[in-house]
Amino acid sequence: VGEEVLLRCSFKSSSPITESLLVDWTYRPLTGGQMEPIFHYQSIPHPATSGRFKDRISWAGNVANGDASITIQSPVLSDNGTFICSVKNPPDV
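The rules behind these values
Throughout, a residue's number is its position along its own chain's written sequence, starting from 1. Note on the predicted model: pLDDT of at least 70 is required for a residue's local features to be given, and 80 or more for side-chain atom pairs to be given and counted; whole-chain, interface and lining totals, by contrast, use all residues. Calculated side-chain values reflect all of the structure's heavy atoms, with hydrogen atoms and water omitted. UniProt positions are given in the numbering used here, feature names are shortened, and annotations may be inferred rather than shown by experiment. By the criteria applied, helices consist of DSSP H or I runs no shorter than four residues and strands consist of E runs no shorter than two, each listed in order from the N terminus. Exposure categories follow from relative accessible area, calculated using a 1.4 Å probe and restricted to protein chains: below 20% of the type maximum is buried, above 50% is exposed, and the middle band is partly exposed. For this analysis, residues touch if any pair of their heavy atoms sits within 4.5 Å. Here the accessible surface of atoms and residues is derived via Shrake-Rupley with a 1.4 Å probe, and residues count as covered only by protein chains that are part of the display. Counted as positive: Lys and Arg. Counted as negative: Asp and Glu, with His and the chain ends omitted from the count. For charged residues, the charge sits on one atom: NZ in Lys, CZ in Arg, CG in Asp, CD in Glu. Aromatic pairing here means that ring centres of Phe, Tyr or Trp (its six-membered ring) are within 6.5 Å. Orientation follows from the plane angle: under 30 degrees is stacked, over 60 is edge-to-face, and everything else is tilted. In this analysis, strands are considered paired if DSSP registers two or more bridges between them. Between the N-to-C directions of two axes lies an angle of 0 to 180 degrees, each axis being a line fitted to C-alpha atoms and, for a helix, fitted only over the stretch in contact.

Naming follows an unreviewed UniProt entry, where the chain appears as MPZL3 protein of Chloropsis cyanopogon. The UniProt entry for the chain carries this comment under Subcellular location (unreviewed entry): "Membrane".

**Q** Explain the overall build of the chain to me, please; I cannot follow it from the model alone.
**A** A count of helical and extended segments in the chain gives zero helices and seven strands. Helices and strands in the chain line up, N terminus first, as β-β-β-β-β-β-β. Projecting the C-alpha coordinates of the chain onto the three principal axes gives extents of approximately 40 × 25 × 20 Å. Counting over 93 residues, the chain shows a buried share of 29%. Taking the intrachain contacts of the chain between residues at least 6 apart in sequence as the baseline, contacts between residues at least 24 apart amount to 54%. Only carbon and sulfur atoms are counted for the fraction: they give 52% of the accessible area of the chain, which is about 5,700 Å². Of the charged side chains in the chain, 7 are positive and 9 negative; the average position of the first set lies 5 Å away from that of the second.

**Q** Just checking my understanding: could you explain the packing of aromatic side chains for this structure?
**A** Aromatic ring pairs are described here by two measures, namely the spacing of the ring centres and the angle between the planes. Evaluation of the coordinates by the stated rule reveals five aromatic pairs. An angle of 80° between the planes, with centres 4.9 Å apart, marks the rings of Tyr 27 and Phe 53 as edge-to-face. Remark: Phe 53 occurs in the loop between β4 (44-47) and β5 (57-59) and Tyr 27 occurs in strand β2 (residues 22-29); sequence separation between them is 26 residues. In terms of burial, Tyr 27 and Phe 53 fall into one category: buried. Ring centres 4.3 Å apart and planes at 15° place the aromatic pair Tyr 41 and Trp 59 in the stacked group. Residue Tyr 41 is found in strand β3 (residues 36-42), and its partner Trp 59 is found in strand β5; the two are separated by 18 residues along the sequence.

**Q** Just to check I follow, could you spell out the sheet that holds β2 for this structure?
**A** Strand order across the open sheet formed by four strands is β4-β3-β2-β7, with antiparallel pairing between neighbours. One side of each edge strand has no neighbouring strand; the edge strands of this open sheet are β4 and β7 (81-88). Across the sheet, the mean angle from the axis of one strand to that of its neighbour is 15°, orientation sign disregarded.

Listed below in structure tokens is the structure:
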């Protein structure tokens, strides 16, 4: 709680990394419910503009190195849940 958290996501692709590469991070609270999109990357980072993580997520990855990690600033206990990283590098998924 209170310290920046790094959520690691690494990937490998058999296709060259291009501007078509997409990274999507989603979140579901421990209590269940709907998955919530919290971060999108395509050429540049697009943090969520609403929701519980608004203004608290930063891009920490480097897609050229197979890294799609993010950081969360000022985490609180209620942020506990499932975080899913999805990487698509057409035609490779």
